[in-house]
Amino acid sequence: MDESAEPNFNNILRKIIKKSLFTERQIEIILNQKDLLNSEFSITKGAYYRQVGQSREKLVSFFYTVVLLRSLGILLPDDIDVISKLSEQVRVISESDFFPEREVDVIDVIDNLVRRACKL
C-alpha cells in the first residue's frame, strides 16, 4: 500500500478495529470502495478483488445481524442511540489533536459502554 495514501488510523481506531469483526485491511478496502480513501494496495488485482468480496460479505452479514437483533428486541433503540453518539465522539476524536495519554481512558469508556449495552 502506498504510504502517502495510508489511512490515518490512530491508536483508538486501531484498538476498536481489533475488537471488531473486520481486519484493518478490510476497513481500508471498504473505505477505498466507498471513495473515502484513495489508496494503492501492494497486492495483485485478483487478491484485492477477492478481499473486496470478503469485506462486502462481512458487511452484509453485519447488517443482517443488526436487523435480526433489532427485530428480536435484543438490540434496543437506546442501544443504537448510545452506539451512534459513541461513534460520533470517536469520529471527532479521530479528526482532532488528541492527547495520546488519554487514549487508555477513552478506550476504557468505550469498552464499558459497549459491555453495558451487551449485558445478557
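Residues numbered from 1 in each chain as written. Predicted model: local features only at pLDDT ≥ 70, side-chain atom pairs only at ≥ 80, totals over all residues. Heavy atoms only, no water.

## A closer look at the overall build of the protein
Regarding its fold elements, the protein presents five helices and zero strands. When its helices and strands are written in sequence order, the protein yields α-α-α-α-α. A principal-axis box enclosing the C-alpha atoms of the protein has dimensions of 45 × 40 × 20 Å. Taken over 120 residues, the protein has a buried fraction of 25%. A separation threshold of at least 6 residues defines the contact pool for the protein, and within that pool the share at least 24 residues apart is 52%. Roughly 9,000 Å² of accessible area belongs to the protein as shown, and the carbon and sulfur atoms make up 57% of that amount. (Helix = DSSP H or I, 4+ residues; strand = E, 2+ residues; numbered from the N terminus. Buried < 20%, exposed > 50% of the residue type's maximum accessible area, 1.4 Å probe, protein only. Contact = heavy atoms within 4.5 Å. Areas by Shrake-Rupley, 256 points an atom, 1.4 Å probe, with all protein chains shown as cover.)

## Quick word on the packing of helix 2 (residues 24-33) against helix 3 (residues 45-71)
For any two helices packed against each other, the geometry is given by the interaxial angle and the distance between the axes. In the contact formed by helix 2 and helix 3, the axes pass within 9 Å of each other and the chain directions differ by 90°. When the interaxial angle is binned, helix 2 and helix 3 end up roughly perpendicular. Contacts between helix 2 and helix 3 involve R25, Q26, I29, I30, N32 and Q33 from the former and Y48, Q51, V52, Q54, S55, K58 and L59 from the latter. For the contact of helix 2 with helix 3, a count of residues per class yields five nonpolar, six polar and two charged. (Axes fitted to C-alpha atoms, helices over the stretch in contact; angles between N-to-C directions. Parallel < 35°, antiparallel > 145°, perpendicular 65-115°, else oblique. Nonpolar A, V, L, I, M, F, W, Y, C, P; charged D, E, K, R; others polar.)

## Quick notes on the nonpolar core
I12, L86, V90, I93, V106, I107 and I110 together form the largest nonpolar core, which totals seven residues. Of all the elements in the fold, those that place two or more residues in this core are helix 4 (77-94) and helix 5 (103-117). (Core = buried A, V, L, I, M, F, W, Y, C linked by side-chain atoms within 4.5 Å.)

## With respect to the packing of helix 4 against helix 5
Across the interface, helix 4 lies against helix 5 with an axial gap of 10 Å and an inter-helix angle of 165°. Considering the angle they form, helix 4 stands roughly antiparallel to helix 5. Of the two possible hands of crossing, helix 4 and helix 5 adopt the one that is left-handed. Packed against helix 4, whose contacting residues are D79, V82, L86, V90 and I93, the element helix 5 presents V106, I110, L113, V114 and A117 at the interface. Tallied by class, residues from the contact of helix 4 with helix 5 come to nine nonpolar, no polar and one charged. (Left-handed = near helix turned anticlockwise from the far one by under 90°.)

## Some thoughts on the environment of E24
Take E24: it is sitting in helix 2. A C-alpha to C-alpha distance of 16 Å links E24 and S94, two positions 70 residues apart in sequence. Leave out the neighbours within four places in its chain, and E24 touches F9, R14 and I17. A distance of 2.5 Å separates the side chain of E24 from the side chain of R14, its partner in a polar contact. (Polar contact = N/O pair within 3.5 Å; in protein donor to acceptor, adjacent residues only side chain to side chain.)

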